[in-house]
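Listed below are the residues making up each chain.
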Amino acid sequence: MAQGNNSIKKILTVAFSLCIVCSIIVSTAAVGLKARQERNQELDRKSNILAVADLYEPGMDVGKEFSQAVTAKVVDLETGEYTDAVDPETYDGFQAAKDPAQSRTLSGERDVAGIGRQEKYSTVYLVGDEENPEQIVLPIRGQGLWGLMRGYLSVQGDGNTIGGITFYSHSETPGLGGEVDNPRWKAQWEGKEIYASSDSMDPAIELVKGGASDSTEVDALSGASLTSRGVTHLVQFWLGEEGFGPYLEHFREGGDSQATASASPSDDSEGV
């Protein structure tokens, strides 16, 4: 006896066939679009770096401007010196932090940013003259209220004055913690000082309630105490001794050339 079109066997056969076809289409699209997705991610990264350095303009050739204005270098976070152990063009510090061989575990007071693991090396971006940069763009990240916040902080060539800040990835509440995207709030960071004195490696910069009244203070986000605290913690972590503090100290002592001159061959030859 012939089976009807609504038989269980035919329904399952059609459903299974449809799943196979859809899987093939999705897989093919994913593979075919991977290169384009990677290019878009790279373009977005460069756009954010140019933006925090106040160099981005709508419609500009981002790749060309980035190659002309920015130089990427890798820093050993422990020594604060440049290293050739990894390639700055391909190295991803965020991914390296997930690899125990390329990172270290943080806990307690050493992990005020709440990142858990920290990469041994990190890429910095020098704006302008490589030997005497106008700005240094640093990657920063840390826990907000709802998840990890990732962004960039620009520091002027004196190693102490902030040029700008931006967060390109976060899950904070719109209208509250999400105001980290607000241009008016971000504009407050320009000209703020990181350290209270030139010989300090302990960041004084922080978000405060009730209005900033000092060169190391920024207005906290209204109605977002936990996000504001998270921003303070992540900024202080990455600008402190556990982060880029040793590196920035080189600039306050003698500039980019000193950071380069102090790097030893043995440091550069160490594996990841």
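Cut-off values and rules
Residues numbered from 1 in each chain as written. Predicted model: local features only at pLDDT ≥ 70, side-chain atom pairs only at ≥ 80, totals over all residues. Heavy atoms only, no water. Patch = residues over 30% accessible without salt bridge, like charges linked within 9 Å, V, L, I, M, F, W, Y side chains within 5 Å. Areas by Shrake-Rupley, 256 points an atom, 1.4 Å probe, with all protein chains shown as cover. Salt bridge = Lys/Arg side-chain N within 4 Å of Asp/Glu carboxyl O. Helix = DSSP H or I, 4+ residues; strand = E, 2+ residues; numbered from the N terminus. Buried < 20%, exposed > 50% of the residue type's maximum accessible area, 1.4 Å probe, protein only. Pairing = 2+ DSSP bridges. Core = buried A, V, L, I, M, F, W, Y, C linked by side-chain atoms within 4.5 Å. Contact = heavy atoms within 4.5 Å. Lys, Arg positive; Asp, Glu negative; His and termini not counted. Charge placed at Lys NZ, Arg CZ, Asp CG, Glu CD.

### A few points about a nonpolar patch on the surface
Consideration 1: Taken together, the side chains of Ile8, Ile11 and Leu12 present a nonpolar region at the surface, about 320 Å² in accessible area.
Consideration 2: Relative to the helices and strands, Leu12 resides in helix H1 (residues 8–52).

### With respect to the pairing of strand S5 (residues 121–127)
Consideration 1: In terms of residue burial, S5 counts as a mostly covered element, since seven of its seven residues are buried.
Consideration 2: Burial of S5 is two-sided: the residues Tyr121, Thr123, Tyr125 and Val127 facing one way and the residues Ser122, Val124 and Leu126 facing the other way are all buried.
Consideration 3: Pairing geometry for strand S1 (residues 70–76) and S5, over seven bridges, is antiparallel. Bridge pairing in S5 places Lys73 opposite Val124.
Consideration 4: In this structure, S5 lies alongside strand S6 (residues 135–143), joined through three bridges in antiparallel fashion.

### A look at the nonpolar core
Consideration 1: Membership of the largest hydrophobic core comes to 37 residues, with the highest contact counts inside it found for Val124, Leu138, Trp189, Val231, Leu239, Tyr247 and Leu248.
Consideration 2: Among all residues touching Leu248, those that are not within four sequence positions of it are Ile136, Leu138, Val155, Gly159, Ile194, Tyr195 and Leu239.
Consideration 3: Formed by 13 residues, the second largest nonpolar core is a distinct cluster that contains Val52, Ala53, Val62 and Phe66.

### A few points about the pairing of strand S8 (residues 162–169)
Consideration 1: Burial analysis of S8 places six of its eight residues in the buried class, the great majority of the element.
Consideration 2: The antiparallel pairing of strand S7 (residues 148–156) with S8 creates a hairpin that spans five residues between the two strands, and Gly159 there sits at a positive phi of about 75°.

### Concerning the pattern of salt bridges
Consideration 1: Going through the model one piece at a time under the given rule, you end up with six salt bridges.
Consideration 2: One salt bridge connects Arg45 with Glu42, and the closest N-O pair in it is separated by 2.3 Å. Taken together, the residues span about one helical turn, with Arg45 and Glu42 both in helix H1 at a distance of three residues.
Consideration 3: A network of salt bridges, in which partner residues are shared, links Glu42, Arg45 and Lys46.

### Some remarks on a negative patch on the surface
Consideration 1: A surface patch of negative charge is lined by Asp158, Glu193, Glu206 and Asp214.
Consideration 2: As for its position among the elements, Asp158 is in the loop between S7 and S8.

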